[in-house]
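Listed below are the residues making up each chain.
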Amino acid sequence: MASRLPKILFFFLLLPIALGLAGWQGWAWWSWATSPIVPETTAEGDGAIAAEPVQIQIPQGTPGQQIGRDLEAAGLIRSHVAWNLWSRWQSWQQDMGYQAGTYALSPTQSLQEIADQIRTGEVLETTFTIPEGWTREQMAAAFEERGMFSAQDFLAVTQEVPRDRFPGCQTCRT
């Protein structure tokens, strides 16, 4: 009977305590790893830390693990390991991958908010107005001047636009 007491004590007392402590430590780590780098209150209060958005480019076909490493290196998430765990969990929940594009992400966003933004494809958008009557060459020069893309690339891509779809457009033929 005396030799069985330590085994019973272990299973009914020490094992649950050990599992409870491990679970608590795991939850504490997860809460830390998924929280924003810069808390919202710090970013908005007096003597606030400037939480400027960071632009990050995700090329087509980039694996989720690489995205996590890039986000961690950019100072947007705390742990690429937590990113990988979250990504796997989400892939089981929904059949939706990460979208390529350029994103404006903030260190005040949580890991889940950043992942949702990249999954839904909320990319950085730029608006511009093309004055009526501009030629392709004038548009190309304006885009290149703004640093959006080269004039040559613009002209090459717009050369491939089927102009027969725009029968009333006079400037489309130039």
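Before reading further, recall that the structure is shown in the block above.
Nothing here was measured: the structure is a model prediction, and the numbers come from that model.

Regarding helix H3 (residues 64-73)
Line of reasoning, step 1. Considered for burial, the residues of H3 that qualify are Ile-67, Gly-68 and Leu-71. All buried residues of H3 fall inside an arc of 100° around its axis, so they share one side.
Line of reasoning, step 2. Just past H3, the residue Gly-75 takes up positive phi, approximately 75°.

Let's talk about empty space enclosed by the protein
Line of reasoning, step 1. Under the definition given, this model contains one cavity of 30 Å³ or more.
Line of reasoning, step 2. The space that makes up the largest cavity amounts to roughly 40 Å³.
Line of reasoning, step 3. Lining of the largest cavity is provided by Phe-128, Thr-129, Ile-130, Pro-131, Trp-134, Met-139, Ala-142, Phe-143 and Arg-146.
Line of reasoning, step 4. Tallied by class, the residues present in the lining of the largest cavity amount to seven nonpolar, one polar and one charged.

Focus: the nonpolar core
Line of reasoning, step 1. Ile-67, Leu-71, Trp-83, Leu-105, Ile-114 and Ile-118 are the most contacted members of the largest nonpolar core, which totals 18 residues.
Line of reasoning, step 2. Contributions of two or more residues to this core are made by helix H1 (4-34), strand S1 (54-58), H3, helix H4 (80-93), strand S2 (101-105) and helix H5 (111-120).
Line of reasoning, step 3. Among the elements that take part in this core, H5 stands out by supplying four residues, more than any other.
Line of reasoning, step 4. Excluding anything up to four places from it in sequence, Leu-105 contacts Glu-52, Pro-53, Val-54, Ile-56, Leu-71, Leu-76, Ile-114, Gln-117 and Ile-118.
Line of reasoning, step 5. With five residues, the next largest nonpolar core counts Met-139, Ala-140, Phe-143 and Ala-151 among its residues.

Quick look at H4
Line of reasoning, step 1. Along its 14 residues, H4 runs 20 Å from first to last C-alpha, staying within 8% of the 20 Å computed at 1.5 Å per residue.
Line of reasoning, step 2. When we look at burial in H4, the residues that qualify are Ala-82, Trp-83, Asn-84, Trp-86, Ser-87 and Gln-90.
Line of reasoning, step 3. Its side-chain oxygen placed 3.2 Å from the backbone nitrogen of Val-81, Ser-79 serves as the N-cap of H4.

Re the side chain of Ser-106
Line of reasoning, step 1. Structurally, the position occupied by Ser-106 is in the loop between S2 and H5.
Line of reasoning, step 2. Given a relative accessible area of 12%, Ser-106 falls into the buried group.
Line of reasoning, step 3. There is a polar contact of 2.8 Å between the side chain of Ser-106 and the side chain of Thr-108.
Line of reasoning, step 4. When neighbours within four sequence positions are excluded, Ser-106 is seen to be in contact with Ala-51, Pro-53, Leu-76 and Ile-114.

Some words on the packing of H4 against H5
Line of reasoning, step 1. One can describe the packing of H4 onto H5 by two numbers: an axis separation of 11 Å at closest approach and a directional angle of 55°. Overall, the two elements H4 and H5 adopt an arrangement that is oblique. Read as a crossing pair, H4 and H5 show a hand that is right-handed. The residues of H5 that touch H4, namely those facing Ala-82, Trp-83, Trp-86, Ser-87, Gln-90 and Ser-91, are Leu-111, Gln-112, Ile-114, Ala-115, Ile-118 and Arg-119.
Line of reasoning, step 2. Per-class residue counts for the contact of H4 with H5 are seven nonpolar, four polar and one charged.

A closer look at the environment of Thr-62
Line of reasoning, step 1. With respect to the secondary-structure elements, Thr-62 resides in the loop between S1 and H3.
Line of reasoning, step 2. Polar contacts involving the side chain of Thr-62 include one to the main-chain carbonyl oxygen of Pro-59, which spans 2.7 Å.

Focus on the packing of aromatic side chains
Line of reasoning, step 1. The final tally for this structure, using the stated rule, is seven aromatic pairs.
Line of reasoning, step 2. Summarising the aromatic geometry, the rings of Trp-29 and Trp-30 are spaced 6.2 Å apart at their centres and angled 50° between planes, so their arrangement reads as tilted.
Line of reasoning, step 3. For Trp-30, a relative accessible area of 18% gives the class buried.
Line of reasoning, step 4. Seen in terms of ring centroids, Phe-128 and Phe-143 are 4.7 Å apart; in terms of plane orientation they differ by 75°. Their pairing is edge-to-face. Taken together, the residues span a long stretch of sequence, with Phe-128 in the loop between H5 and helix H6 (136-145) and Phe-143 in helix H6 at a distance of 15 residues.
Line of reasoning, step 5. Ring-pair connections join several aromatic residues into one group, and the members of that group are Phe-128, Phe-143, Phe-149 and Phe-154.
Line of reasoning, step 6. Above the face of the Tyr-98 ring, Arg-119 is positioned so that its terminal group lies 4.5 Å from the ring centre.

What counts as what
- Residues numbered from 1 in each chain as written.
- Predicted model: local features only at pLDDT ≥ 70, side-chain atom pairs only at ≥ 80, totals over all residues.
- Heavy atoms only, no water.
- Buried < 20%, exposed > 50% of the residue type's maximum accessible area, 1.4 Å probe, protein only.
- Helix = DSSP H or I, 4+ residues; strand = E, 2+ residues; numbered from the N terminus.
- Arc of directions from axis to C-beta.
- 1 Å grid on protein atoms, 1.4 Å probe; cavity = no way out; pocket = protein on both sides within 12 Å on 5 of 7 lines; lining within 4 Å.
- Points joined across faces, edges and corners; volume = space filled by probe spheres on them.
- Nonpolar A, V, L, I, M, F, W, Y, C, P; charged D, E, K, R; others polar.
- Core = buried A, V, L, I, M, F, W, Y, C linked by side-chain atoms within 4.5 Å.
- Contact = heavy atoms within 4.5 Å.
- Expected span 1.5 Å × (residues − 1).
- Polar contact = N/O pair within 3.5 Å; in protein donor to acceptor, adjacent residues only side chain to side chain.
- Axes fitted to C-alpha atoms, helices over the stretch in contact; angles between N-to-C directions.
- Parallel < 35°, antiparallel > 145°, perpendicular 65-115°, else oblique.
- Left-handed = near helix turned anticlockwise from the far one by under 90°.
- Phe/Tyr/Trp six-rings, centres within 6.5 Å; stacked < 30°, edge-to-face > 60°.
- Lys NZ or Arg CZ within 6 Å of the ring centre and 35° of its normal.

Note that every value here comes from positions in space, so none of it alone points to a role or purpose.
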